[in-house]
Each structure stands twice: as structure tokens, then as C-alpha cells.
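Reading the structure
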Amino acid sequence: MAAINLALRHGARLKGLYVITHPHYASNSDYLTDFAQVREFFINATSKAGIEAEWLLVDWATVGTPLSQVVTSHCYYADTILVGQPAQLHNRRTSLDFHESLILGAGRPVVVFPASGDIFQFGERILVAWKGGRESVRAVNDALPFLQTAADVSIIAVVSNHTDQSLEEQSMLKLQKHLERCRVAVRTETVFMQKGTVAEVLLEQTAQEKVDLIVLGGFAYKSNRAPVLSPLTQELLIKTPVPLLISH
């Protein structure tokens, strides 16, 4: 329903993607039963809302092809990708493999919805998790259509010392001026991390400000410049009660 609300606000077209992969050879009968039920719900809901929509069943015949590879091949022809929160949260690393591969390979912003609770609308009150650099800049740029229609946008940098505070305040001032030219009014703030993690600080701010969308860059970089899903992104993917717009 949140996807329908998003499409209505932006005059967008929705595409539903149902993927069947084959880690081992198996009959398709159970998959197709589930497909029919999900397809009926999608078609009925979008039709009732008056939204242009397309439903795709992709039965990937090559055994062993990862789900993320199949989904990514369809992401190139969309503006924004909407997926659910990682499943099997008891197995943290395994459960994040799909999201890591998708965010890295899609070339599009990925909105991840919490597994628990019904989200009918999002993007009215946005929090941008800021750290001056490529990842944050790309995330803000990809989120621009969301920022332009939001009622409230706050940009928050979590810092651990006064040197970092000064640097982030300078970069956020430049960002604020840039966004004003893009018709986005924002509030900026630096928050000192007294204890816990950056994710915990941001989630506390999310609760206090009744935020319904968090925007952040997805990756950190190893010494050889290889991208890796950042600890902040990993923790938020597991813990967040609101949608995340993650970009790379």
C-alpha cells in the first residue's frame, strides 16, 4: 500500500516482480500457487487506486542463479526499487547478502521496508544520515524527489569529537545551500555520540522526531577501496522500524 501511495504522489508507474529461482531442481507448482495469490492482490490494489501497473513473473531456469542477480537485471529499468527487510534475522550475515548485492549492483536507490507492521505512507518526515563524502552525497541526490515533497527534512551527522563536528557542520552548510536551490528546506544538526552506536543514535532521533523515512549511503570502503556494506547500514537494516532509502 505504501508503494501505491508513493506512485500516486509522484505520478509514477508500478511494476511488480515475482521471481522464482532454482537453487536445486524442484517442481514449480507451489511457487505458481503463491504467485497467483500475490498477483491478484497486486492487480486489484493498483487497479482500484487507478495506477498504471505491470506484473512480471520471472521463472529463472538456470539452477543456482542468486535471487539478487535476477532482481538486479530488472532494476536497470526502474527509478526506485522497493523491497522488504531481511528475513531470517537470527542469521545476520546470511540474511544481508541479498540486500548487499542488490544495493551494490542495482544502480538505483533501494527502499527497504520493515518486516513488521503495516506501512501505508512514508516520506513525509525524512531524516538524512550524513557523513560528508561520496556515499552521503549520492544518497541525497537519489532521494531528491522524496525530499522535494516531504513536509520536514532533517540532516543529522553523528560525531565523536569537536574536529569532526566542525568538518560536518561546514559540509552540511554547503549541502543546505545546494538543497535550497533544489527547492528543499532542511534543518541540520550534529549529535555527539555519548554511548552505543551511530545507528542507535539515529533511531533515537527517528523516534523523537516521528521520522518515517531514513536516507543514507550504503557502503564503506576497505583499504583496497572495495565497497562493503557499512556497519551503520547493516544495523539499520536489522533494527529500523521505518523505511530506509539506501543508495550507492
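Residues numbered from 1 in each chain as written. Predicted model: local features only at pLDDT ≥ 70, side-chain atom pairs only at ≥ 80, totals over all residues. Heavy atoms only, no water.

When you tally the buried positions in strand S1 (residues 14-20), you get 5 out of 7 residues, the bulk of the element. Looking at chain direction, S1 and strand S2 (residues 53-59) are connected through 7 bridges and run parallel. Bridge pairing in S2 places leucine 14 opposite alanine 53. (Buried < 20%, exposed > 50% of the residue type's maximum accessible area, 1.4 Å probe, protein only. Helix = DSSP H or I, 4+ residues; strand = E, 2+ residues; numbered from the N terminus. Pairing = 2+ DSSP bridges.)

What follows concerns the sheet that holds strand S6 (residues 152-159). If you trace the 7 strands from one edge of the open sheet to the other, you get S3-S4-S11-S8-S5-S6-S7, paired in mixed fashion. Two strands close off the open sheet at either side, each with one partner strand: strand S3 (81-84) and strand S7 (187-192). Neighbour-to-neighbour, the strand axes of this sheet turn through a mean angle of 25°, independent of strand direction. Bridge analysis of strand S5 (residues 125-129) against S6 gives 5 bridges, and the strand direction is parallel. Along S6, the bridge assignment pairs isoleucine 126 with valine 153. (Axes fitted to C-alpha atoms, helices over the stretch in contact; angles between N-to-C directions.)

Once that is clear, we can look at the packing of aromatic side chains. Enumeration according to the criterion identifies 5 aromatic pairs in this entry. Their ring planes at 35° and their centres at 6.2 Å tell us that phenylalanine 122 and phenylalanine 146 sit as a pair that is tilted. Highlighted residues: phenylalanine 122 in the loop between strand S4 (110-113) and S5 and phenylalanine 146 in helix H6 (residues 144-149), separated in sequence by 24 residues. Summarising the burial analysis for this pair, phenylalanine 122 and phenylalanine 146 share the class buried. Through pairs of rings, three or more aromatic residues link up here, namely Tyr18, Phe42 and Trp55. Positioned over the ring face of phenylalanine 122 is arginine 9, at 6.0 Å from the centre of the ring. (Phe/Tyr/Trp six-rings, centres within 6.5 Å; stacked < 30°, edge-to-face > 60°. Lys NZ or Arg CZ within 6 Å of the ring centre and 35° of its normal.)

Moving on: the confidence of the model for the chain. Atom-level detail of predicted coordinates should not be read off regions where pLDDT is low. Here the chain shows a mean pLDDT of 88. Residues at 70 or above account for 92%. For the chain, per-element mean pLDDT is lowest for helix H4 (residues 92-106), which scores 81, and highest for S5, which scores 98. (pLDDT = per-residue confidence, 0-100.)

Let us look at a nonpolar patch on the surface. There is a patch of nonpolar side chains on the surface, built from Met1, Phe41 and Phe120 and spanning about 370 Å² of accessible area. Within the element layout of this structure, methionine 1 appears in the segment before helix H1 (2-10). (Patch = residues over 30% accessible without salt bridge, like charges linked within 9 Å, V, L, I, M, F, W, Y side chains within 5 Å. Areas by Shrake-Rupley, 256 points an atom, 1.4 Å probe, with all protein chains shown as cover. Salt bridge = Lys/Arg side-chain N within 4 Å of Asp/Glu carboxyl O.)

Now for unusual backbone geometry. Here the phi dihedral of arginine 183 falls at roughly 65°; this positive angle occurs in a residue that is not glycine. Structurally, the position occupied by arginine 183 is in the loop between helix H7 (162-181) and S7. Look at arginine 183 and you get exposed, because its relative accessible area is 64%. In this structure, lysine 210 takes a positive phi of about 55° despite not being glycine. Relative to the assigned elements, lysine 210 resides in the loop between helix H8 (198-208) and strand S8 (213-217). The class of lysine 210 is exposed, set by a relative accessible area of 65%.

Right, let's get into the environment of asparagine 161. Take asparagine 161: it is sitting in the loop between S6 and H7. Using a relative accessible area of 30% as the deciding quantity, one classes asparagine 161 as partly exposed. Sequence separation between asparagine 161 and tryptophan 55 is 106 residues; the distance between their C-alpha atoms is 50 Å. Within the structure, asparagine 161 has its side chain in polar contact with the backbone nitrogen of aspartate 164 (distance 2.7 Å). (Polar contact = N/O pair within 3.5 Å; in protein donor to acceptor, adjacent residues only side chain to side chain.)

Our next topic: the side chain of serine 68. Mapped onto the elements, serine 68 comes out in helix H3 (residues 67-75). Note on serine 68: relative accessible area 10%, which makes it buried. Beyond its immediate sequence surroundings of up to four residues, serine 68 is in contact with Phe98, Ser101 and Leu102. (Contact = heavy atoms within 4.5 Å.)

This structure, assessed with the given rule, holds 9 salt bridges. The salt bridge involving arginine 13 is made with glutamate 52; its shortest N-O contact spans 3.1 Å. With arginine 13 in the loop between H1 and S1 and glutamate 52 in the loop between helix H2 (29-49) and S2, this pair connects stretches of sequence that are 39 residues apart. For arginine 13, a relative accessible area of 42% corresponds to the partly exposed category. In this structure glutamate 52 comes out as exposed when scored by relative accessible area, which is 54%. Salt bridges linked by common partners bring Arg125, Asp152, Arg187 and Glu209 together as one network.

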